[in-house]
Amino acid sequence: MRRHGMYALDFCSPALVEGALTYVHGQRYAGQVVALCFVPYAGLLLPDVIERCAARFEEVESALLLVVSGARPLHRMWLEDARQPRTPVLADPCGRLHRSFGVAIQEPLQRCRTFVIDRLGILRLRVSHDFLEHDLSLVGELIKSSQQPAGSSDIGEGDRGSLEYSACVAPGRCGRAA
């Protein structure tokens, strides 16, 4: 299981990208911040919501990758919908990604689990949240704040939504907040 401070971009997974089935390699995202979001239920993924959230992540120079569990073929989720998400939606039919990040696959997840990976490919933050635009926006704000000088965060105490997170700024100095 990957822990804070460990390299996390060494994965390869089948994915749906812009309506085409392909493989996504984590190494492709080296040099940018990645938010790897494990979604509890593929039915939550509406193309319009995915694209709005992904655009917010792009604004803070990061990439949003969604991971769905189960063996249901990805292309069938949007087979009858003309709108196809451009954002990569990774499949995890065997549960390898879930296991390597310590995300349970036996019981249905109640919340999303998002892992923020820095530009060097190091796991820096774990966030539990609901799949709501507001919560994903807050994850984007956390990324934006991490790229600013210390003490200039835009996130207020009352604006955390339903986020729970643990962060690792430097090896041996990890903490948890809610």
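What this report covers is the structure whose coordinates are included nearby. (Residues numbered from 1 in each chain as written. Predicted model: local features only at pLDDT ≥ 70, side-chain atom pairs only at ≥ 80, totals over all residues. Heavy atoms only, no water.)

1. Considering the overall build of the protein chain
Scanning the protein chain from N- to C-terminus turns up three helices and nine strands. Going residue by residue from the N terminus, the α and β elements of the protein chain occur as β-β-β-α-β-β-α-β-β-α-β-β. Taken over 178 residues, the protein chain has a buried fraction of 46%. Considering only intrachain contacts with a sequence separation of at least 6, the fraction spanning at least 24 residues in the protein chain is 65%. Carbon and sulfur atoms make up 52% of the accessible area of the protein chain, which totals about 9,300 Å². (Helix = DSSP H or I, 4+ residues; strand = E, 2+ residues; numbered from the N terminus. Buried < 20%, exposed > 50% of the residue type's maximum accessible area, 1.4 Å probe, protein only. Contact = heavy atoms within 4.5 Å. Areas by Shrake-Rupley, 256 points an atom, 1.4 Å probe, with all protein chains shown as cover.)

2. Considering the packing of helix α1 (residues 47-59) against helix α3 (residues 133-146)
Relative orientation and spacing of two packed helices are given, respectively, by the angle between their axes and the distance between those axes. In the contact formed by α1 and α3, the axes pass within 9 Å of each other and the chain directions differ by 15°. On the basis of their axis angle, the class for α1 and α3 is roughly parallel. In the packing of α1 onto α3, the handedness of the crossing is right-handed. Residue-level contacts link Val49, Arg52, Cys53, Arg56 and Phe57 of α1 to Glu133, Leu136, Ser137, Val139, Gly140 and Ile143 of α3. For the contact of α1 with α3, the class distribution of residues is six nonpolar, two polar and three charged. (Axes fitted to C-alpha atoms, helices over the stretch in contact; angles between N-to-C directions. Parallel < 35°, antiparallel > 145°, perpendicular 65-115°, else oblique. Left-handed = near helix turned anticlockwise from the far one by under 90°. Nonpolar A, V, L, I, M, F, W, Y, C, P; charged D, E, K, R; others polar.)

3. Side note on the packing of aromatic side chains
Going through the model one piece at a time under the given rule, you end up with three aromatic pairs. Ring geometry for Phe38 and Phe101: centres 5.8 Å apart, planes at 50°, overall tilted. Residue Phe38 is found in strand β3 (residues 33-39), and its partner Phe101 is found in the loop between α2 (96-100) and β6 (112-117); the two are separated by 63 residues along the sequence. Residues Phe38 and Phe115 carry aromatic rings whose centres are separated by 5.6 Å and whose planes lie at 85° to one another, so their mutual orientation is edge-to-face. One end of the pair, Phe38, is in strand β3; the other, Phe115, is in strand β6, and 77 residues separate them in sequence. Here Phe38 falls in the buried class, since its relative accessible area comes to 0%. An aromatic cluster is present here, built from Phe38, Phe101 and Phe115 joined pairwise through their rings. (Phe/Tyr/Trp six-rings, centres within 6.5 Å; stacked < 30°, edge-to-face > 60°.)

4. A short note on α3
Compared with an ideal rise of 1.5 Å per residue, which puts 14 residues at 20 Å, α3 spans 20 Å between its outermost C-alpha atoms and is within 8% of the ideal. Taken as a whole, α3 has its buried residues at Asp135, Leu136, Leu138, Val139, Gly140, Leu142, Ile143 and Ser145. Looking at the buried side of α3, the elements it contacts are β3, α1, β4 (62-69), β6 and β7 (123-129). (Expected span 1.5 Å × (residues − 1).)

5. With respect to the nonpolar core
Of all hydrophobic cores here, the largest spans 24 residues; its most connected members are Leu45, Leu64, Leu66, Phe131 and Ile143. In terms of residue count, the dominant contributor to this core is α1 (five residues). Counting 20 residues, the second-largest nonpolar core is a separate cluster that includes Phe11, Leu90, Phe101 and Val103. (Core = buried A, V, L, I, M, F, W, Y, C linked by side-chain atoms within 4.5 Å.)

6. Topic: α1
Across its 13 residues, α1 extends 18 Å between first and last C-alpha, which sits within 8% of the 18 Å expected from 1.5 Å per residue. Buried within α1 are the following residues: Pro47, Val49, Ile50, Glu51, Cys53, Ala54 and Phe57. On its buried face, α1 is in contact with β3, β4 and α3. Positive backbone phi, at 55°, marks Glu61, one or two positions downstream of α1.

7. Details of unusual backbone geometry
Backbone geometry at Glu61 places phi at a positive 55°, although glycine is not the residue there. Along the chain, the position of Glu61 falls in the loop between α1 and β4.

Interpretation note: all reported values are geometric properties and have no functional meaning in isolation.
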